[in-house]
Amino acid sequence: MASERPVGVFDSGAGGISVLAALLRELPHEDFLYFGDTANAPYGTKTAEAVLTLAESVFDRLLSRGAKAVVIACNTATAAAAASLRAAHPDYPIIGMEPALKPASQLRHGGTVLVLGTPMTLRLEKFQRLMEHYGEGAIPLPCPGLMELVEQMDFAGARAYLAQVLSPWRREPPDAVVLGCTHYVFLRPVLAELLPPSTAVVDGNAGTARQLRRVLTQRDLLNAQESHGTWKLETSGDAQALALMERLLAIAP
Ligand code: DGL
């Protein structure tokens, strides 16, 4: 039965593991197949064309493994590839991600909303459109090199990086910070040290998980198994990349 097939999830590396954690919480009876394209990471500093080609190949791989739906657990790949993938597979459920600027804009009290993301996510048209609607007081901050620190679990390095990026707002802290890259969700503990409690830190993971539930429900694709679902992690990278994804799944916020 189609509903018994797994949900495919992918990212350029281990960032989407933070999304997988949210999916497992929201949909504990689903089976998930996660693919981290670590051999080709990072995506965010490549061209949109290059990321489209990479995302198409990962998508095809998940389809060939029988995925009943695919979650693009990567803001960058969504911006570069979701529209083309949807056009090529019009009846197939594809769930993408975008920086959670809309919910963050509701938490703004007349101050600043900082949007952290990869250079590509913040450059492409999809984000520009989001800014037109919800961008009042919002400042995009591209963070090249930050995902690599997460991939190395170098949280001290990430702290130093973010301290530098956030230094102009030390006196007047932002109302909200948007984590517009799934890797950055693992930096919540670091951000909690750098930002006052009055600054909301917002990501799109729970919203993405709810969206997957809605889509599977509408298409009658929810897995009816009573036992807990399973998950499988795969990567184009090496054994170390796989071990990292397992470790990050264990500590995902
Ligand atoms: N995790 C990805 C995102 O959500 C991108 C990281 C990268 O490959 O640059 O944007």
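Residues numbered from 1 in each chain as written. Predicted model: local features only at pLDDT ≥ 70, side-chain atom pairs only at ≥ 80, totals over all residues. Heavy atoms only, no water.

Please provide a residue-by-residue account of the site of the ligand, values included.
Around the ligand, the structure places 13 residues, and the nearest of them are Ser-12, Tyr-43, Gly-44, Thr-76 and His-183. One of the backbone nitrogen or oxygen atoms of Asn-75 is found 2.8 Å away from an oxygen atom of the ligand. Here the shell around the ligand is built from residues that sort into five nonpolar, seven polar and one charged. (Near = heavy atom within 4 Å. Polar contact = N/O pair within 3.5 Å; in protein donor to acceptor, adjacent residues only side chain to side chain. Nonpolar A, V, L, I, M, F, W, Y, C, P; charged D, E, K, R; others polar.)

Describe in detail the packing of helix H2 (residues 48-64) against helix H3 (residues 75-88), supporting the description with residues and values.
When two helices pack together, their arrangement is given by the angle between the helix axes and the distance between those axes. Here H2 crosses H3 at 65 degrees, and the two axes come no closer than 9 Å. Classed by the angle they form, the pair H2 and H3 counts as roughly perpendicular. The interaxial crossing formed by H2 with H3 has right-handed handedness. Residue-level inspection shows Ala-48, Val-51, Leu-52, Ala-55, Glu-56 and Phe-59 of H2 in contact with H3, the latter providing Thr-76, Ala-77, Ala-80, Ala-81, Ser-84 and Leu-85. Across the contact of H2 with H3, the residue classes tally to nine nonpolar, two polar and one charged. (Axes fitted to C-alpha atoms, helices over the stretch in contact; angles between N-to-C directions. Helix = DSSP H or I, 4+ residues; strand = E, 2+ residues; numbered from the N terminus. Parallel < 35°, antiparallel > 145°, perpendicular 65-115°, else oblique. Left-handed = near helix turned anticlockwise from the far one by under 90°. Contact = heavy atoms within 4.5 Å.)

Can you explain the packing of aromatic side chains? Please cite residues and give values.
Following the criterion strictly, the structure yields one aromatic pair and no others. Relative to Tyr-92, the ring of Phe-59 has its centre 5.7 Å away and its plane inclined at 85 degrees; by these criteria the two rings are edge-to-face. Of this pair, Phe-59 sits in helix H2 while Tyr-92 sits in the loop between H3 and strand E4 (94-95); the two residues are 33 residues apart in sequence, bridging distant segments of the chain. For Tyr-92, a relative accessible area of 16% corresponds to the buried category. (Phe/Tyr/Trp six-rings, centres within 6.5 Å; stacked < 30°, edge-to-face > 60°. Buried < 20%, exposed > 50% of the residue type's maximum accessible area, 1.4 Å probe, protein only.)

Can you lay out the pattern of salt bridges for me, pointing to particular residues and giving the numbers?
Counting across every chain of the model gives nine salt bridges. With its nearest N and O atoms 2.7 Å apart, the salt bridge here joins Arg-213 to Glu-26. On the criterion of sequence distance, the pair formed by Arg-213 in helix H10 (residues 205-218) and Glu-26 in helix H1 (residues 17-26) is long-range, its members being 187 residues apart. Judged by relative accessible area, which is 33%, Arg-213 ranks as partly exposed. Note that Glu-98 and Lys-126 form a salt bridge whose closest N and O atoms lie 3.1 Å from each other. Of this pair, Glu-98 sits in the loop between E4 and helix H4 (101-105) while Lys-126 is found in helix H6 (residues 125-134), placing the two residues 28 residues apart along the sequence. With relative accessibility at 28%, the residue Lys-126 sits in the partly exposed group. (Salt bridge = Lys/Arg side-chain N within 4 Å of Asp/Glu carboxyl O.)

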